[in-house]
Amino acid sequence: MSVTPFTIEELARLSDEEALRLSSNAGIVKSLRWVLRFFLIVSLVSWISASQGPAPVTIAIVNLILVVVLLLSFRRLTNAKKGFGRRLGWLEPVARLLRDQPRGVASTYLVLQLWLLMLFTSGRDVTPWLVILPLAVLLFRLGPAERLAIHAIFILSAVVGWLVPLILDLSNARLDNVISASVANSIALGIGLYITRRSSRRFLSEWREARGGAREQIRMRQELESAREIQLSMLPRETPDLDWVDLASVSIPATEVGGDYYDFFFPSASRLVLVSADVAGHGLGSGLVLSGVRSGLSLLADELDHPELVMQRLHRMLRSTTGTRMLVTMALLSLDSGSRLARYATAGHPPLFIRRSGSGEVEEIVRSSFPLGAAMSAAYDVDEIPFSSGDVFILHTDGVYEMRNTAGEAYGFSRLANVLADQDDAKTAKEIRDAILRDVFAFRNHAPQEDDLTLVVAKVR
């Protein structure tokens, strides 16, 4: 027996008895298919060789019809699982019985098969079948009570087959059939009870171990879902609606819990600070680190006009609180609508892209700096960048330019710059964001997303 066919949910939910029954049913169905194929050949041979009169021919045909109906019903079930195949309405009741009560169908079939064989071989030695069919029961994963019942019916059938000719004073009464049936069924019953007990113990041992693992996986999955909900709650629920800047953003994690983060802060009515960050890697650990970074930014919100000081403090916090070094790249972009001046600082983050209105020229602001949490002491410089109405600022994480297609090629900075340059001055921030995303995912095609992707677009009005 094996617990492999069960899903994780079934492993965690089913009781020992239900699991054992379902596993046994699957084994019974498999064994019944092979037994039916064997008796299909037997039925054909019996039909061809039935030359003693109409009765043997009729019995052979009935036997053949029984086997064919069951095999067609099995095929109907297989096609239904695959979602195709011609519907055979008259087989539906039998197919449902095979699906819902395979133990009963198998037991009933074996008994009917014995009776048909006894009728077909009436007056002749039926000993081979009285031995073969009890041994065939060993192929089926039946319970002790089911085994006892079917072997008792086999013995009783042999007794009836001996008594009826004896009572009618016929010459074909054979006591040796009863003896053969009793011996064969007793041996098969003993072996079957031993096999059932041993296989049940082995299955339940494997099952309980697998169930423990499944419940642990479900618990971890639920924790990841909770962590994902917490992380998503850290991202802005809606994009701010400001009269002097048009904003659009998106973050698409590669796993349940991503390592990207973005946010908007408002030191004053005329100032806006955009944040984009990325923890090395992704998953639960990255999400926890980002939670700490977001808390640090919230505590330092009054100092965001000085992004270099904020980054230094976050750097010291990560150095002192993370046991294993977790590197965080970050970009802080402060926009002041009054002075029309942007202050930009980066800690190992991808370049800032700026599309200038009118000319459509795209500037790439690249600065070399260490990520937050790096082992070396870091100093973070600030670039002051003038801007005017219509200028577009793009903050992004490495999930954009490192996105790979099916050939393994990276999207790259130049492609991002070209898409940005192709946008006209009339486009909104959302339209520009969507144009970039369309191009990125068209480039990726069917390749898997290997890293989190975050994009923040700010268009000055």
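Residues numbered from 1 in each chain as written. Predicted model: local features only at pLDDT ≥ 70, side-chain atom pairs only at ≥ 80, totals over all residues. Heavy atoms only, no water.

Draft legend 1. Geometry of the packing of helix H5 (residues 102-120) against helix H7 (residues 144-167). Here H5 crosses H7 at 15°, and the two axes come no closer than 11 Å. When the axis of H5 is compared with that of H7, the two are roughly parallel. Considering only the axes of H5 and H7, their crossing is right-handed. Packed against H5, whose contacting residues are Arg103, Ser107, Leu110, Val111, Leu114, Trp115 and Met118, the element H7 presents Glu146, Ile150, Ile153, Phe154, Ser157, Ala158 and Gly161 at the interface. (Axes fitted to C-alpha atoms, helices over the stretch in contact; angles between N-to-C directions. Helix = DSSP H or I, 4+ residues; strand = E, 2+ residues; numbered from the N terminus. Parallel < 35°, antiparallel > 145°, perpendicular 65-115°, else oblique. Left-handed = near helix turned anticlockwise from the far one by under 90°. Contact = heavy atoms within 4.5 Å.)

Draft legend 2. Spotlight on the packing of aromatic side chains. Tallying each qualifying case throughout the model produces nine aromatic pairs. A ring pair is formed by Tyr411 and Phe443, whose centres lie 5.5 Å apart and whose planes are at 75°; its orientation type is edge-to-face. Within this pair, whereas Tyr411 is found in the loop between helix H11 (398-401) and helix H12 (413-421), its partner Phe443 is found in helix H13 (residues 429-444), the two being separated by 32 residues in sequence. The buried category is assigned to Tyr411, whose relative accessible area is 3%. Chaining the aromatic ring pairs together yields one cluster made of Phe38, Phe39, Tyr109 and Trp129. Here Arg37 stacks its cationic end above the ring of Trp34, 4.8 Å away from the centre of that ring. (Phe/Tyr/Trp six-rings, centres within 6.5 Å; stacked < 30°, edge-to-face > 60°. Buried < 20%, exposed > 50% of the residue type's maximum accessible area, 1.4 Å probe, protein only. Lys NZ or Arg CZ within 6 Å of the ring centre and 35° of its normal.)

Draft legend 3. View of unusual backbone geometry. A positive phi is found at Arg340, a non-glycine position, where the angle reads about 55°. Position of Arg340 among the secondary structure elements: in the loop between strand E4 (328-336) and strand E5 (341-347). We classify Arg340 as partly exposed; its relative accessible area is 26%. The residue Asn445 is not glycine, and still its phi comes out positive at about 60°. Mapped onto the secondary structure, Asn445 falls in the loop between H13 and strand E10 (453-460).

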